[in-house]
Amino acid sequence: MNNMISGKAYVLGNDVDTDQIIPAEHLVYNMDEPEERRLYGMYALSGVPPQKSGLPKGNIPFVPKNSDKSIYKIIIAGKNFGCGSSREHAPAALSIAGVQAVVALSYARIFYRNTVDGGFLIPFESKDSLFNKIRTGDEITIRQDMYILKNITTEKSYNLKSLGEVAGIVETGGLFLYAKRKNLISK
Amino acid sequence: MTITEKILAKHANTSHVNPGENIWIDVDVLMTHDVCGPPTIGIFKKQFGENAKVWDSQKIVIIPDHYIFTKDKHAHRNVQILREFVQEQGLPYFYNPGTEQYKGVCHVALAEEGFNLPGSVLFGTDSHTCTAGAFGMFGTGIGNTDAAFVMGTGKLWIKVPETMKFIIEGELPPYLMAKDIILKIINDIGVDGATYKAMEFDGEGIFSLNMEERMTLCNMVIEAGGKNGIIQADEKTIKYVKARTDREFEIYQNDSDATFESIHIFQAHKIEPMVAKPYLPSNGVPAKTLKDIQLDQCYIGSCTGGKITDFIAAARILNNQQVKVKTIVVPATREVDAKFDSETIHGKTLRKIFTDAGVELGPPSCAACLGGPPDTFGRLNSDEICISTTNRNFHGRMGSKKSQTYLASPYTVAASAITGNITDPREYLEK
């Protein structure tokens, strides 16, 4: 696992649900067809209400118009991130848009599990709520081995929680790679 | 151990499990549908090989239900992917749209087809798979990667949840439905109040409910973050299951020394008809406090509020009335739809009651519960305000980001359809 994740932060609030992460009308695209797959990046976070898109100011598009890549690599959010549907298209859409890590106060269970088992990105939990301390566009680095998030823009550092029991799956890159390494399924 | 712990221990081939423990369990049924089936199949083939066979063709149930009655080309292509996979793998349990086998909403179809068996383990690629807990079994939603893993191995790792117990004491008053109870509970504990936990329902009020109402309760545990809902199987459960299948099942009870994370007690007569305001299911308030909310649409349908019990409730209120705003009725399944012609109130069929009242009826599917493609029946395409028997009122959940959804019981939605404003159903039921 690459030890450092660096990039700009995109900040969201509490209870960001999967309908906000990828609205249901877009779930028809085929992940295995490149032209359709990129649409997940294009519509990632398109269901977030404009005033809550890119806090604290809001009205900041996550993905530029007609693009499928975001300039933001790290999402900062409050509690219960990814609540609602079991759609794995949600962490997939964030990953396709270029997100490498989410740092939330807490996660909804199925989203967290999908993120880990699908190996899409790393779901860190912060010890304190960070969405009111970090601003959209701030430059962030995450030291993964130390579980420390540093805001380069403000020069402040914050502790993250250990990944705990799922660290093994996160490090190998998902459930299938983990199961193959552990000889739970044949290689 | 609790019921949930006992089911998981049995499926892990061990005598005892503790909450918080990660275990591998054997799966009895894997269910998928048209939205998550195709990507699950994609991952299955990528990981196990193009020619791989599923672990057990008798244990995979494919129920297309989300985007069926739409012109969307991608949606049709996705159902076609399911058809080809079913053919290739020889899967007997496929409910093919456009044929006599088509059913409708998966969670209701699973029960109708006898797949919900006390003591069993069901994983489904849909968050409302927790509905099945009404049958004293373990059911929960998973993503495509996990589903592909189950498809190939019949196993999945799972963390044993702690159990929260919710006891509804006393008889239910005649105006109260399971939807009111669960909206009250979610309002109490919050949208993440049961994250990682099992929610067990108990008490006189619960066991007086029929199976469909118990399904409504368990259906919405995910709206509090719950992993699974569970109600101990009783005579009603056995009767329902035996009428639908010869498959064997096992009934589990809590041990006398079972440990609960918390116990929450409610007096049934103190719970009022509840409405959850936009944009979270936890925003519940008594319906009577929202009289000033003017509606553009009323919606009765979905896995939560589209069963025959829900429509009988709505019809009791709509009989000999006229709706004042656009009102949509979508039966969950074809079986529910057929009962519109056999169930009667004062000699009138449900279909006639709805038609006479000015309601628009759609074909069985998930329809507008989750918005879906723009041509979906009943979808909110602008800034409409809707009251609905469905399960989620998130931003844009039923279509346009500008729309607003209020969640309520079928009684409350039907009463509101008559007045055009959010209405406490007691005004109509007590007449």
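Residues numbered from 1 in each chain as written. Chains lettered and ligands numbered in written order. Predicted model: local features only at pLDDT ≥ 70, side-chain atom pairs only at ≥ 80, totals over all residues. Heavy atoms only, no water.

Draft legend 1. Region of interest: the overall build of chain B. On a plain count of helices and strands, chain B comes out with 15 helices and 19 strands. In terms of overall size, chain B behaves like a compact globule, its C-alpha atoms giving a radius of gyration of 21 Å where 431 residues would be expected to give roughly 22 Å. Counting across all 431 residues of chain B, residues that qualify as buried make up 67%. Intrachain contacts of chain B at a sequence separation of at least 6 include 75% that bridge at least 24 residues. Carbon and sulfur atoms make up 47% of the accessible area of chain B, which totals about 14700 Å². One finds the centroid of the 44 positive side-chain charges in chain B at a distance of 4 Å from the centroid of its 52 negative side-chain charges. (Helix = DSSP H or I, 4+ residues; strand = E, 2+ residues; numbered from the N terminus. Rg over C-alpha atoms; globule rule 2.2 N^0.38 Å. Buried < 20%, exposed > 50% of the residue type's maximum accessible area, 1.4 Å probe, protein only. Contact = heavy atoms within 4.5 Å. Areas by Shrake-Rupley, 256 points an atom, 1.4 Å probe, with all protein chains shown as cover. Lys, Arg positive; Asp, Glu negative; His and termini not counted. Charge placed at Lys NZ, Arg CZ, Asp CG, Glu CD.)

Draft legend 2. Inspection of the domain arrangement of chain B at higher detail. Residues and elements named next belong to chain B. Each assigned domain of chain B is listed with its residue range as follows: domain 1 (3-245 + 259-266) and domain 2 (274-429). The C-alpha centroid of domain 2 is placed 24 Å from the C-alpha centroid of domain 1. Counting residues at the interface gives 41 residues for domain 1 and 41 residues for domain 2. With both sides pooled, the region where domain 1 packs onto domain 2 buries about 3500 Å², and carbon together with sulfur makes up 60% of that total. Our count for the contact surface shared by domain 1 and domain 2 stands at four salt bridges. Residues Lys103 and Glu335 are paired through a salt bridge, measuring 4.0 Å at the closest nitrogen-oxygen approach. Between the two partners, domain 1 and domain 2, sit 25 residue pairs in polar contact (both at pLDDT 80 or more). The greatest single-element share of the side of domain 1 that touches domain 2, amounting to six residues, is contributed by helix H6 (residues 178-189). Residue composition of the side of domain 1 that touches domain 2, by class: 15 nonpolar, 13 polar and 13 charged. (Domains from an automatic or database assignment. Buried area = accessible area lost by both parts, 1.4 Å probe. Salt bridge = Lys/Arg side-chain N within 4 Å of Asp/Glu carboxyl O. Polar contact = N/O pair within 3.5 Å; in protein donor to acceptor, adjacent residues only side chain to side chain. Nonpolar A, V, L, I, M, F, W, Y, C, P; charged D, E, K, R; others polar.)

Draft legend 3. Examining the packing of aromatic side chains more closely. Taken as a whole and assessed by the stated rule, the structure comprises 23 aromatic pairs over all chains. A ring pair is formed by Phe81 of chain A and Tyr107 of chain A, whose centres lie 6.2 Å apart and whose planes are at 85°; its orientation type is edge-to-face. With Phe81 of chain A in the loop between strand S2 (72-77) and helix H3 (89-96) and Tyr107 of chain A in the loop between strand S3 (101-104) and helix H4 (109-118), this residue pair connects regions lying 26 residues apart in the sequence. Ring centres 5.0 Å apart and planes at 75° place the aromatic pair Phe311 of chain B and Phe340 of chain B in the edge-to-face group. Highlighted residues: Phe311 of chain B in helix H11 (residues 308-318) and Phe340 of chain B in helix H12 (residues 334-342), separated in sequence by 29 residues. (Phe/Tyr/Trp six-rings, centres within 6.5 Å; stacked < 30°, edge-to-face > 60°.)

Draft legend 4. Fine view of the packing of H11 of chain B against helix H14 (residues 410-419) of chain B. All names here are of chain B. Put simply, H11 and H14 touch, their axes get as near as 8 Å, and they point 30° apart. The interaxial crossing formed by H11 with H14 has right-handed handedness. Contacts between H11 and H14 involve Asp310, Ala313, Ala314, Arg316, Ile317 and Leu318 from the former and Pro410, Tyr411, Ala414, Ala415, Ala417 and Ile418 from the latter. Class assignment of the residues belonging to the contact of H11 with H14 gives a composition of ten nonpolar, no polar and two charged. (Axes fitted to C-alpha atoms, helices over the stretch in contact; angles between N-to-C directions. Left-handed = near helix turned anticlockwise from the far one by under 90°.)

Draft legend 5. Structural context of the interface of chain B and chain A. Between chain B and chain A, the contact holds 52 residues from the first and 45 residues from the second. For the pair chain B and chain A, the two sides together bury roughly 3800 Å², of which 55% comes from carbon and sulfur. Viewed at the interface, chain A and chain B are joined by six salt bridges. Where Arg113 of chain A meets Asp146 of chain B, a salt bridge forms, and the shortest distance between an N and an O atom there is 2.5 Å. Linking chain B to chain A there are 21 residue pairs in polar contact (both at pLDDT 80 or more). Secondary structure elements with two or more residues in the side of chain B that touches chain A: strand S1 (22-26), helix H2 (37-48), helix H3 (73-89), strand S5 (138-141), helix H5 (144-153) and strand S6 (155-159) of chain B. With six residues, the top contributor of residues to the side of chain B that touches chain A is H5 of chain B. The residue inventory of the side of chain B that touches chain A, partitioned by class, reads 23 nonpolar, 18 polar and eleven charged.

Draft legend 6. Fine view of the pattern of salt bridges. Residues and elements named next belong to chain B. A complete count under the given rule lists 36 salt bridges over all chains for this structure. The salt bridge involving Lys339 is made with Glu335; its shortest N-O contact spans 3.5 Å. One end of the pair is Lys339 and the other is Glu335, both in helix H12 and four residues apart, which spans about a single turn. Notably, a salt bridge pairs Lys352 with Asp356, separated by 2.9 Å at the nearest N-O pair. In this pair, Lys352 and Asp356 are both assigned in helix H13 (residues 350-357), four residues apart and thus about one turn of the helix distant. Three or more residues are tied together by salt bridges with common partners; here these are Lys103, Glu112, Glu113, Arg244, Glu335 and Lys339.

Draft legend 7. Broad picture of the environment of Val17 of chain B. Topologically, Val17 of chain B is positioned in the loop between helix H1 (3-11) and S1. Apart from the residues within four sequence positions on either side, Val17 of chain B is in contact with Met1, Glu5, Ala9, Ile23 and Val160 of chain B.

Draft legend 8. Spatial organisation of unusual backbone geometry. Note that the residue after Leu55 of chain A, namely Pro56 of chain A, is joined by a cis bond; omega there is 5°. Examined against the element boundaries, Pro56 of chain A turns out to sit in the loop between helix H2 (34-42) and S2. Here Pro278 of chain B and Tyr279 of chain B are connected by a cis peptide whose omega angle stands at 5°. Along the chain, Tyr279 of chain B turns up in the loop between strand S11 (274-276) and strand S12 (284-286). At Asp15 of chain A, a residue that is not glycine, the phi angle is positive and equals roughly 50°. For Asp15 of chain A, the position within the fold is in the loop between strand S1 (4-11) and helix H1 (18-21).

Draft legend 9. Structural context of a positive patch on the surface. On the surface, Arg37, Lys69 and Lys73 of chain A together with Lys46 of chain B cluster together to form a positively charged patch. Within the secondary structure layout, Lys69 of chain A lies in the loop between H2 and S2. (Patch = residues over 30% accessible without salt bridge, like charges linked within 9 Å, V, L, I, M, F, W, Y side chains within 5 Å.)

Draft legend 10. Structural context of the side chain of Asp15 of chain A. On the basis of relative accessible area, Asp15 of chain A is assigned to the buried category, the value being 10%. A distance of 3.0 Å separates polar atoms of two side chains, one belonging to Asp15 of chain A and the other to Asn80 of chain A. Beyond its immediate stretch of four places on either side in the chain, Asp15 of chain A contacts Gln20, Lys79, Asn80 and Cys83 of chain A together with Val191 and Leu280 of chain B.

Draft legend 11. The sheet that holds strand S14 (residues 326-330) of chain B, seen in detail. Residue and element names in this part refer to chain B. The strand order across the open sheet built from seven strands is S12-S11-S19-S18-S13-S14-S17, with neighbouring strands paired in mixed fashion. The open sheet is flanked by S12 and strand S17 (360-361), the only strands paired with a single partner. Sheet topology places strand S13 (residues 297-301) next to S14; five bridges connect them, and they run parallel. Bridging from a neighbouring strand, Gln297 pairs with Lys326 of S14. (Pairing = 2+ DSSP bridges.)

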